[in-house]
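Single-letter residue listing:
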Amino acid sequence: MILSFLCLLLLLALVKTFHKLWWTPTRIQKLMALQGIQGPSYRLIYGNTKEISNMQKEAMRRPINLSHDIFPRVQPHIHTWTKSYGRNFLQWYGPQPVLVVTEPELIKEIVNNKDGVYPKQRPSNFMKKLVGDSITITEGEKWAKLRKLSNHAFHGESLTNMFPDMIASAKAMAERWKNQEGKEINVNEEFRLFTSEVISRTAFGSSYLEGQKIFEMMMKFYPLLYKSFLKVRFPGMSKVFRTSDEIESDKLEKGIRDSIMEMVKKREQKAVAKSGEEEILGSDFLGLLLKAHHSTDEKNQISLNELVEECRTFYFAGQETTNTLLAWTVVLLGQHQDWQEEARKEVLQLFGKQNPKPDGILKLKKMSMIINETLRLYPPATLLRRKVAREVRLGKLLLPANVELLVTPLALHHDPQLWGQDAALFKPERFSEGVSKATKDNMAAFMPFGLGPRMCVGISFAVTEAKIALSMILQRYSFTLSPGYVHSPSQFLTIRPQHGVQVILQSL
Ligand code: HEM
């Protein structure tokens, strides 16, 4: 009796596995092919992850000199498969079907949808350990509540109040460079310190040293997260057997959580010591999160767990992206001395040798053009992930539920049909009459910060931070790329300069 019951259970498990690993992928592949959507064939268990990984390794082996034609290098599979199968194609992360969409009209439909048909894709186990169910992932009322909080913390008056801290961090960085004249320095490393310090100071009211422990753990976490992207594990396997990466990431997750809790307690104790009043909790992002946590209004309240997840998310989102933006801007200005000179002239006209002012930052037109062109060629965030919540029509396609949708700003930004045959060249003049003229009103042609309601909440923060840093560098130094710089854009969590950005500085 027990034996037959066990046999029945085994049979059911086999049927379920067959259904998930073979029947469903085959059905979806056929369904999409009937609608003209082709792609690399589904392969049992792994899907196309091995091909993607091999193509990435192969592309990274090829040197590219100082070319900005980075799409074939950073996303070789998408570059190759859009050529073979068309602008939208189907690929497989294990048994998960992924529709890669590079057609602007469809992208607009996906990211602007308000019916909840295209929610964010659920994060992998590793990603969950980093950001949890935070603003970047969650949906509905919880998302609206968290978005309101961070909108308040990173815009308007709150952003203006962050100005002195951003200036102080940029000044400290420029001071560190004083004795480096004529020598090679890796500005990518410098920008890592700078962006870490800025988010620590402005959002969490702590110095870089205090946030350092958190960043160090995050830096150790990133490679584990990146490695996990193309790893397929047999369903349920992680419950039975834990890999060394999973054990390590658990430890790091706990460490980050403990450090954030320490910071939260410190802030609460300070508030109690001062007057016991809520106002003393502070007006920065951490203060706003704490007020929401202590709020008696249930609608606005957030749990302690949610508070920790938001902190983790902003440490992550607030640093890595702006770091790479600054690094690539310096590469491009190092290569294009004429634009470096133009940018410096503008900064000196507006600020002289004085610290940048908020109204002046808004007037930096040439610098905005340079930053936009950098974000076009090297968009830090390369993949936006959504899923199909229920059967839906997207353009002329009928999509079944649970298909993942992948949008890649890199493909759009490098598309000659959208940007012309010189799409891979650095030409900030494209943006001389603003973004809408540059894109001929095709919003999806330029989307470094995403589009629609889930667009980046840190745009103004990131751009202000970058403009302050660049202004204060240009006021003090001219720079050229060092002969030791090796151009190697590589896909990590963002598009990173694999070997850093080495420049030679001259004081002005
Ligand atoms: C150059 C710098 C940055 C770039 C290129 C960038 C890019 C993006 C993109 C493309 C998205 C949309 C993702 C999607 O639709 O799936 C996004 C969302 C987000 N970004 Fe940024 N980001 C940058 C800086 C920042 C900074 C400095 C912060 C925080 C201070 C931040 C916080 C966030 C958050 C919280 C979201 C999720 C918003 C939501 O889902 O409502 N980002 N970012």
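Please refer to the structure placed before this passage.
In what follows, the accompanying structure is described.

Parameters and conventions
- Residues numbered from 1 in each chain as written.
- Predicted model: local features only at pLDDT ≥ 70, side-chain atom pairs only at ≥ 80, totals over all residues.
- Heavy atoms only, no water.
- Helix = DSSP H or I, 4+ residues; strand = E, 2+ residues; numbered from the N terminus.
- Rg over C-alpha atoms; globule rule 2.2 N^0.38 Å.
- Areas by Shrake-Rupley, 256 points an atom, 1.4 Å probe, with all protein chains shown as cover.
- Lys, Arg positive; Asp, Glu negative; His and termini not counted.
- Charge placed at Lys NZ, Arg CZ, Asp CG, Glu CD.
- Patch = residues over 30% accessible without salt bridge, like charges linked within 9 Å, V, L, I, M, F, W, Y side chains within 5 Å.
- Salt bridge = Lys/Arg side-chain N within 4 Å of Asp/Glu carboxyl O.
- Pairing = 2+ DSSP bridges.
- Axes fitted to C-alpha atoms, helices over the stretch in contact; angles between N-to-C directions.
- Contact = heavy atoms within 4.5 Å.
- Donors = N, O, S within 2.8 Å, 3.2 Å for Na, K, Ca; no water.
- Left-handed = near helix turned anticlockwise from the far one by under 90°.
- Nonpolar A, V, L, I, M, F, W, Y, C, P; charged D, E, K, R; others polar.
- Phe/Tyr/Trp six-rings, centres within 6.5 Å; stacked < 30°, edge-to-face > 60°.
- Buried < 20%, exposed > 50% of the residue type's maximum accessible area, 1.4 Å probe, protein only.
- Near = heavy atom within 4 Å.
- Polar contact = N/O pair within 3.5 Å; in protein donor to acceptor, adjacent residues only side chain to side chain.
- Core = buried A, V, L, I, M, F, W, Y, C linked by side-chain atoms within 4.5 Å.

1. Observations regarding the overall build of the protein chain
Looking only at helices and strands, the protein chain features 22 helices and 11 strands. Relative to the globule expectation of 23 Å for 508 residues, the C-alpha radius of gyration of the protein chain, 24 Å, shows essentially globular dimensions. Referenced to the eigenvectors of the C-alpha coordinate spread, the extents of the protein chain come out at roughly 85 × 60 × 40 Å. Approximately 23600 Å² of the protein chain is accessible, and the part contributed by carbon and sulfur atoms is 57%. Averaging the coordinates of the 68 positive side-chain charges in the protein chain and doing the same for the 52 negative ones gives two points 4 Å apart.

2. Observations regarding a nonpolar patch on the surface
A contiguous nonpolar surface patch, about 810 Å² in accessible area, is contributed by Ile2, Phe5, Leu6, Leu8, Leu9, Leu11, Leu12 and Val15. Looking at the secondary structure, you find leucine 11 in helix H1 (residues 2–34).

3. Some thoughts on the sheet that holds strand S7 (residues 404–407)
The strands making up a sheet associate through hydrogen bonds between their backbones, and the pairing can be parallel or antiparallel. The four strands lie next to each other as S1-S2-S7-S4, forming an open sheet whose pairing is mixed. Edge positions in the sheet fall to strand S1 (88–93) and strand S4 (384–387), since each of these pairs with one other strand and no more. On average, adjacent strands in this sheet sit at an angle of 30 degrees to one another, irrespective of strand direction. Relative to S7, strand S2 (residues 96–101) is paired through four bridges, and the arrangement is parallel. Looking at the pairing, valine 98 lines up with glutamate 404 of S7. Of the strands in this sheet, S1 and S2 touch helix H4 (residues 76–85), which is tilted by about 130 degrees from S1.

4. So, unusual backbone geometry
Positive phi outside glycine occurs at isoleucine 45, with the angle close to 65 degrees. Positionally, isoleucine 45 belongs in the loop between H1 and helix H2 (49–61). For asparagine 402, which is not a glycine, the phi torsion comes out positive at approximately 75 degrees. In this structure, asparagine 402 sits in the loop between strand S6 (397–399) and S7.

5. Examining the coordination of the iron atom of the ligand
Donor atoms from the protein around the iron atom of the ligand number only one, Cys456 (SG), found at 2.3 Å. The topology assignment puts cysteine 456 in the loop between helix H21 (435–438) and helix H22 (459–476).

6. Regarding the packing of helix H9 (residues 187–204) against helix H15 (residues 320–335)
The contact between H9 and H15 brings their axes to 9 Å, and the two run at 145 degrees. Remark: the crossing between H9 and H15 carries right-handed chirality. Counting all contacts with H9, which are made through Val187, Asn188, Phe191, Arg192, Phe194 and Thr195, the residues of H15 involved are Thr322, Asn323, Leu326, Ala327 and Val330. Counted by class, the contact of H9 with H15 contains six nonpolar, four polar and one charged residues.

7. Some thoughts on the packing of aromatic side chains
Considering all chains together, one arrives at 18 aromatic pairs under this definition. Taken together, a centroid distance of 5.2 Å and an interplanar angle of 45 degrees make the contact between tyrosine 226 and phenylalanine 492 tilted. Remark: phenylalanine 492 occurs in the loop between strand S9 (489–491) and strand S10 (495–497) and tyrosine 226 occurs in helix H10 (residues 208–228); sequence separation between them is 266 residues. Residue phenylalanine 492 is classed as buried on the basis of its relative accessible area of 16%. Taking the centre distance of 4.4 Å and the plane angle of 55 degrees together, the rings of phenylalanine 285 and phenylalanine 314 count as tilted. Taken together, the residues phenylalanine 285 in helix H13 (residues 285–294) and phenylalanine 314 in helix H14 (residues 304–317) connect sequence positions 29 residues apart.

8. A look at the side chain of histidine 68
Structurally, histidine 68 is set in the loop between H2 and helix H3 (71–74). Among residues more than four places away in sequence, those in contact with histidine 68 are Leu332, Gln335, His336, Leu377, Tyr378, His414, Ala424, Phe426 and His487.

9. A short note on the site of the ligand
Near the ligand, the surroundings consist of 25 residues, among which Trp143, Arg147, Arg386, Arg454 and Cys456 are the closest. Here an oxygen atom of the ligand and a side-chain polar atom of tryptophan 143 are 2.7 Å apart. Residue arginine 386 places a side-chain N or O atom 2.8 Å away from an oxygen atom belonging to the ligand. Looking at the shell around the ligand, the elements with two or more residues in it are helix H7 (140–154), H14, H15, S4 and H22. Of the residues contributing to the shell around the ligand, the split by class is 15 nonpolar, six polar and four charged.

10. A look at the nonpolar core
Counting residues in each nonpolar core, the largest one holds 149 residues, and the members touching the most others are Leu99 and Phe204. When sequence neighbours within four positions are dropped, the list of residues in contact with phenylalanine 204 reads Ile199, Met263, Arg267, Asp284, Phe285, Leu286, Cys311, Phe314 and Tyr315.

11. A look at the sheet that holds strand S3 (residues 184–186)
What the three strands build is an open sheet, ordered S3-S11-S8; its pairing is antiparallel. Strand pairing shows two members of the sheet lacking a second neighbour, S3 and strand S8 (477–481), which therefore form its edges. Each strand of the sheet is rotated relative to its neighbour by a mean of 45 degrees, with strand direction disregarded. In this sheet, strand S11 (residues 502–507) lies alongside S3 in antiparallel orientation, the contact comprising three bridges. Looking across to S11, one finds that glutamate 184 is bridged to isoleucine 504.

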